[in-house]
Amino acid sequence: MAMSSRVVGSRACLRPAFSYFTQTRNISSDDFKTDQPQKKKGRSHPETPQFTKEHSGEPLKGKIHDKKPFRMELQANKNYSWCVCGTSKSQPLCDGSHKQLWGVSEKKTGPKWMPLRFQVDETKEYWLCNCKQTSKQPFCDGTHKQPHIQAAIK
């Protein structure tokens, strides 16, 4: 039997610990049921894809900005940020316009856009994609010649 002690005056009194708890109760599984519906669990992990192709190996393809590429001289070993979303006013480079696409609400409404950061090995003129549908981002691969891209921008 467990014993507890307390000091009364200069003497210690010993009494059984269970004497403080005189009520007993039988517990059943019904005691744990609630009338409130269970909350639905959302995504199991914050990085679980919520939208199609959000975390796939395939890069996101943004809004078609133009139906022809942009020729630009790029400096070797300099950092560049290529616009992926297609809404930048300083195409083909990013100006931060993708931040408005994300919205101000807490609920995620679409895939998160971020610029593609890159460097080149040598200083020369490069053709940067403006249709945003290239498979060799940020460089043009001729995808803009397809009929659906030509029809998208008049």
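The chain is annotated in an unreviewed UniProt entry as Iron-binding zinc finger CDGSH type domain-containing protein from Littorina saxatilis. Within the UniProt record for the chain, the comment given under Cofactor (unreviewed entry) is "[2Fe-2S] cluster".

This part takes up the overall build of the chain. What the chain contains, in helices and strands, is 2 helices and 6 strands. Helices and strands in the chain line up, N terminus first, as β-β-β-β-α-β-β-α. Across the 154 residues of the chain, 25% fall into the buried class. Sequence separation of at least 24 residues holds for 54% of the intrachain contacts in the chain that already meet a minimum separation of 6.

Moving on: the UniProt feature "domain: Iron-binding zinc finger CDGSH type" (unreviewed entry) in the chain. Listed under "domain: Iron-binding zinc finger CDGSH type" (unreviewed entry) in the UniProt record, and renumbered for this structure, are residues 67–107 and 113–150. Between the end C-alpha atoms of residues 113–150 there is a gap of 24 Å, over a span that is 11% helix and 21% strand.

All right, on to the side chain of Gln-133 then. Considering the arrangement of structural elements, one finds Gln-133 in the loop between strand 6 (124–128) and helix 2 (147–152). Taking the relative accessible area as the measure of exposure, Gln-133 reaches 18% and is therefore buried. There is a polar contact of 2.8 Å between the side chain of Gln-133 and the backbone oxygen of Gly-62. Non-local contacts of Gln-133, meaning those with residues more than four positions away in its chain, are made with Lys-61, Gly-62, Ile-64, Thr-143 and Ile-149.

This part takes up the nonpolar core. Among the nonpolar cores identified, the biggest contains 16 residues, and Leu-74, Trp-82, Phe-118, Val-120, Leu-128 and Cys-131 are the most heavily contacted of them. Ignoring any residue separated from it by four or fewer positions in sequence, one finds Phe-118 in contact with Leu-74, Lys-78, Asn-79, Tyr-80, Trp-82, Leu-128, Pro-138 and Phe-139.

Looking at where Ala-152 falls in the secondary structure, it is placed in helix 2. For Ala-152, a relative accessible area of 45% translates into the label partly exposed. Distance in space between the C-alpha atoms of Ala-152 and His-65 is 9.3 Å, their sequence separation being 87 residues.

Attention now moves to the packing of aromatic side chains. Aromatic ring pairs are defined here through the distance separating the ring centres and the angle between the ring planes. For the coordinates displayed, the defined rule picks out 3 aromatic pairs. Relative to Phe-139, the ring of Phe-118 lies with its centre 5.8 Å away and its plane at 75 degrees, an arrangement referred to as edge-to-face. In this pair, Phe-118 is assigned in strand 5 (residues 116–118) and Phe-139 in the loop between strand 6 and helix 2, connecting sequence segments 21 residues apart. Measuring from centroid to centroid gives 5.6 Å for Tyr-126 and Phe-139, while their planes differ by 40 degrees, and the two rings are tilted. In this pair, Tyr-126 sits in strand 6 while Phe-139 sits in the loop between strand 6 and helix 2, placing the two residues 13 residues apart along the sequence. Overall, Phe-139 belongs to the partly exposed group, its relative accessible area being 26%.

Attention now moves to the side chain of Asn-130. Residue position: Asn-130 is located in the loop between strand 6 and helix 2. On the basis of relative accessibility, which here comes to 5%, the residue Asn-130 falls in the buried class.

Attention now moves to unusual backbone geometry. Omega for the peptide link from Gln-91 to Pro-92 comes to 5 degrees, which places this bond in the cis form. Along the chain, Pro-92 turns up in the loop between strand 4 (80–82) and helix 1 (98–102). Cis peptide bonds are those with omega within 30 degrees of zero, and the linkage from Gln-137 to Pro-138 qualifies with 5 degrees. Mapped onto the secondary structure, Pro-138 falls in the loop between strand 6 and helix 2. Positioned with a positive phi, Asn-77 is a non-glycine residue whose angle comes to about 60 degrees. By the secondary structure assignment, Asn-77 is in the loop between strand 3 (70–74) and strand 4. With phi around 65 degrees, Lys-132 is a residue other than glycine that occupies positive phi space. Take Lys-132: its relative accessible area is 0%, and that puts it in the buried class.

Criteria and cut-off values
- Numbering of residues starts from 1 in each chain and follows the order in which that chain's sequence is written.
- Predicted model: local features are reported for residues with pLDDT of at least 70 only, side-chain atom pairs are reported and counted for 80 or more only, and whole-chain, interface and lining totals are derived from all residues.
- Computation of side-chain values: all heavy atoms of the structure, hydrogens and water removed.
- UniProt positions are given in the numbering used here, feature names are shortened, and annotations may be inferred rather than shown by experiment.
- Secondary structure elements are defined from DSSP: runs of H or I of at least 4 residues count as helices, runs of E of at least 2 residues count as strands, and each element is numbered from the N terminus.
- For every residue, the accessible area obtained with a 1.4 Å probe (protein chains only) is divided by the maximum for its type, and the residue is called buried under 20%, exposed over 50%, and partly exposed between those limits.
- Contact criterion: two residues are considered in contact whenever any of their non-hydrogen atoms come within 4.5 Å of each other.
- Polar contact is defined as a pair of N or O atoms within 3.5 Å, subject to the rule that within protein one atom must be able to donate a hydrogen and the other to accept it, and that residues adjacent in sequence are counted only when both atoms are side-chain atoms.
- In this description, a nonpolar core means a group of buried Ala, Val, Leu, Ile, Met, Phe, Trp, Tyr and Cys residues linked to one another through side-chain atoms lying within 4.5 Å.
- Aromatic rings from Phe, Tyr and Trp, with only the six-membered ring used for Trp, were paired whenever their centres fell within 6.5 Å, and each pair was classed as stacked if the ring planes differed by under 30 degrees, edge-to-face if by over 60, and tilted otherwise.

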